[in-house]
Structures are given as C-alpha cells and as structure tokens.
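Residue-level listing of the chains:
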Amino acid sequence: MLQDVQKPIEPEIEIVQNEISVPPKEDNSNKEKEAFIRRIKENALKFDKEYFEKSKANGCDYSYFGNWQKQYAEMVHNMFNLKDRNVLDIGGAYGALAYAFSLLSPKKVLCTDISKHVIDAKKFKNIEYAVMPMQHMNKIGDGAFDFIHISHVFEHVDEVDHDKCIKEITRILDKAGVCMITGRYKNISALKESFKKYKDCEFVTVSEEQDREFGYFKKYKWDYLIVICR
C-alpha cells in the first residue's frame, strides 16, 4: 500500500521530473514541472517548526489530543463506519485526528503532511506517518484507501494545483471509497467538477440528525464536500 512509510522523504527530493505528468504537446512542459515543484517547496517551507510553535502560542496546538478529536472521529464513524477501513488523513499534522480514527477499529491509519517537522515527531502510536504533498502522493498505490479525510488543507494549496490534488485523491481512493473534505474553501463546485472528471461518484450532505450530537457543522459553519465513489 505504502512503501517505506517509516522513512519520510522530503517532497523536493521525492519529486522527479519524469514522474510529473504534463499535458502532451506542451512546449513549456519543463517550465510547468519546475513551477509545480517550486510551489510544493515553498509550501513545505511555510510549515516548519516555527509555524507550529507560533500556532501553539496563539492557542491552536496541533499536537493536542482530547475530547474534540474523539467526538469528531466518533461523528465521522457514525456516518461512514470506519471499522476495518484503510483510513488516510491528509494534512493531518502531528496526527491527533488520525489517532482518534485509529481508536475506532480501522484496518490501518496513515497520517500524511507536507511538514517534515510534524511527521518526524511521530507523536501518536498505532498510526503510520509519511511526508507527502497532496499534489504528488506517488508512494501510495492505486485504490489503497477506502476512507480519505482532508480537513483545512485545500486553503493552503495553490489553487492552480487543486485539480491535480483531486486527480491524486481519486487515484488512491478505492472504487467504493469515501472522501471527506472540510475547511474554509468556498469553491466547492470546482472540486466537484474535478471529482466527476476522474471518478464515478456522488456527493452527499451532512443531515441535521448526523450533526445533532456534537453540532460541528452547524456551530463552525464549515464548508465541506463528501464524496462517495460508486
């Protein structure tokens, strides 16, 4: 499913030009590849040790694990039943939510992030970690996961790469899998169009009944997209 997961690889080292697809007959293909790699490098550099220390000082501790994560994971479990699923949390930082998912009897849980700092920390047990940009998850095999969770990640990825991200997500998502995206991303329609381009799928919404116990969607007014493959 995932090769050499215990040895995170720097995104800028991982990406080899001939692995990155570009449109055929494109005269400036090399420039596009270089720009793509540069965007990933620049994004990775933003999320260093200093970024997470500042976040913690401002009251947002990504390494914290408590009732919030437990309750959120339970809500997701009630909607999609994570038991015996292969679960991937993309952009999961230190892995607090991934660990919460691991308590619900999945087959396995992988936490990926573009930040080498948080992945190298390996803060939580019973989950796997890998440094990996969402745009280029070539260490993960096709159809490897049947539940993919992405929370507040697309906001931090250059919009020009959003379609490429969806292409990768649909590649590694099982043919009957579920992908759940939440955050502050208003252009949900663009994400939907990308999903429909690469996967036979349908989109569902969170019902009041599903959100009633904890009220996360109502309280925080998250933008979200839930994709179910067919």
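Right above here is the structure, for reference.
Residues numbered from 1 in each chain as written. Predicted model: local features only at pLDDT ≥ 70, side-chain atom pairs only at ≥ 80, totals over all residues. Heavy atoms only, no water.

K.L.:
Lay out the overall build of the protein chain with the relevant residues and their values.
P.N.:
In terms of regular secondary structure, the protein chain is built from 10 helices and seven strands. Put simply, the protein chain has 230 residues, and 50% of those count as buried. Sequence-distant contacts, at least 24 apart, represent 70% of the contacts inside the protein chain between residues at least 6 apart. Within the structure as shown, the protein chain displays about 12000 Å² of accessible surface, and the carbon and sulfur contribution to it stands at 46%. (Helix = DSSP H or I, 4+ residues; strand = E, 2+ residues; numbered from the N terminus. Buried < 20%, exposed > 50% of the residue type's maximum accessible area, 1.4 Å probe, protein only. Contact = heavy atoms within 4.5 Å. Areas by Shrake-Rupley, 256 points an atom, 1.4 Å probe, with all protein chains shown as cover.)

K.L.:
Go over the sheet that holds strand β7 (residues 223-229) with me, naming the residues and quoting the values.
P.N.:
Ordered by their spatial adjacency, seven strands build an open sheet running β3-β2-β1-β4-β5-β7-β6, and the pairing between neighbours is mixed. In this open sheet, the two strands that pair with only one neighbour each are β3 (128-131) and β6 (201-204). Across the sheet, the mean angle separating the axes of adjacent strands is 20° when strand polarity is ignored. Sheet topology note: the β6/β7 ladder contains four bridges and is antiparallel. What sits directly across from Phe203, in β7, is Val227. Contacting β5 (173-183), β6 and β7, helix α8 (residues 188-198) crosses the sheet at an angle of about 15° to β7. (Pairing = 2+ DSSP bridges. Axes fitted to C-alpha atoms, helices over the stretch in contact; angles between N-to-C directions.)

K.L.:
Explain the pairing of strand β2 (residues 108-113) residue by residue, including any values.
P.N.:
Each regular strand shows side chains that alternate between the opposite faces of the sheet. Across the six residues that make up β2, a large majority, six, are buried. The two faces of β2 match: Lys108, Leu110 and Thr112 on one face and Val109, Cys111 and Asp113 on the other face are all buried. The pairing of strand β1 (residues 86-90) with β2 spans five bridges and is classified as parallel. Bridge assignment links Val87 to a residue of β2, and that residue is Val109. Read as a crossover between parallel neighbours, the route from β1 over helix α5 (residues 96-102) to β2 is right-handed. Handedness of the β2-helix α6 (residues 116-121)-β3 crossover: right-handed. (Right-handed = clockwise from strand over helix to strand, strands pointing away.)

K.L.:
Describe the pattern of salt bridges, listing the residues and the values that go with them.
P.N.:
On inspection of all chains with the given rule, the structure shows 12 salt bridges. We note a salt bridge from Arg212 to Glu209, for which the minimum N-O separation is 2.9 Å. Given the relative accessible area of 57%, Arg212 is considered exposed. Connected through salt bridges with shared partners, the residues Asp142, Glu168 and Arg171 form a single ionic network. (Salt bridge = Lys/Arg side-chain N within 4 Å of Asp/Glu carboxyl O.)

K.L.:
Please give an account of the packing of helix α7 (residues 162-172) against α8 that cites residues and values.
P.N.:
With their axes 9 Å apart at the nearest point, α7 and α8 run at an angle of 45° to one another. Regarding the angle of α7 to α8, the classification is oblique. Considering only the axes of α7 and α8, their crossing is right-handed. Across from Asp163, Ile166, Lys167, Ile169 and Thr170 in α7, the residues of α8 making contact are Leu191, Ser194, Phe195, Lys197 and Tyr198. (Parallel < 35°, antiparallel > 145°, perpendicular 65-115°, else oblique. Left-handed = near helix turned anticlockwise from the far one by under 90°.)

K.L.:
Account for helix α2 (residues 29-46), naming residues and giving values.
P.N.:
Between its first and last C-alpha, α2 extends 26 Å over 18 residues, near the 26 Å set by a 1.5 Å rise per residue. Every buried residue belonging to α2 is among Ser29, Lys33, Ala35, Phe36, Ile37, Arg39, Ile40, Asn43 and Ala44, and all of these are buried. (Expected span 1.5 Å × (residues − 1).)

K.L.:
Go over the nonpolar core, please, and point to the residues and values.
P.N.:
Within the largest apolar cluster, 38 residues are counted, with the highest numbers of intra-cluster contacts made by Tyr72, Met75, Val76, Phe80, Phe101, Phe147 and Met180. Counting residues per element, the ones that place at least two in this core are α2, α4 (67-80), α5, β2, α6, β3, β5 and α10 (216-220). Filtering out sequence-adjacent residues up to four positions away, Tyr72 remains in contact with Leu97, Phe101, His149, Met180, Thr182, Tyr216 and Trp222. In this structure, Ile90, Leu110, Ile172 and Leu173 belong to the second largest nonpolar core, which totals 30 residues. (Core = buried A, V, L, I, M, F, W, Y, C linked by side-chain atoms within 4.5 Å.)

K.L.:
Quick one: what's the story with the pairing of β5, residue by residue and with numbers?
P.N.:
Summarising burial for β5: eight of the 11 residues are buried, a large majority. Here six bridges tie strand β4 (residues 145-151) to β5, and the two strands are oriented parallel to one another. Directly across from Ile148, in β5, lies its bridge partner Cys179. The β-α-β motif built from β4, the intervening α7 and the parallel element β5 has right-handed crossover chirality. Judged from the six bridges that link them, β5 and β7 form a sheet pairing that is antiparallel.

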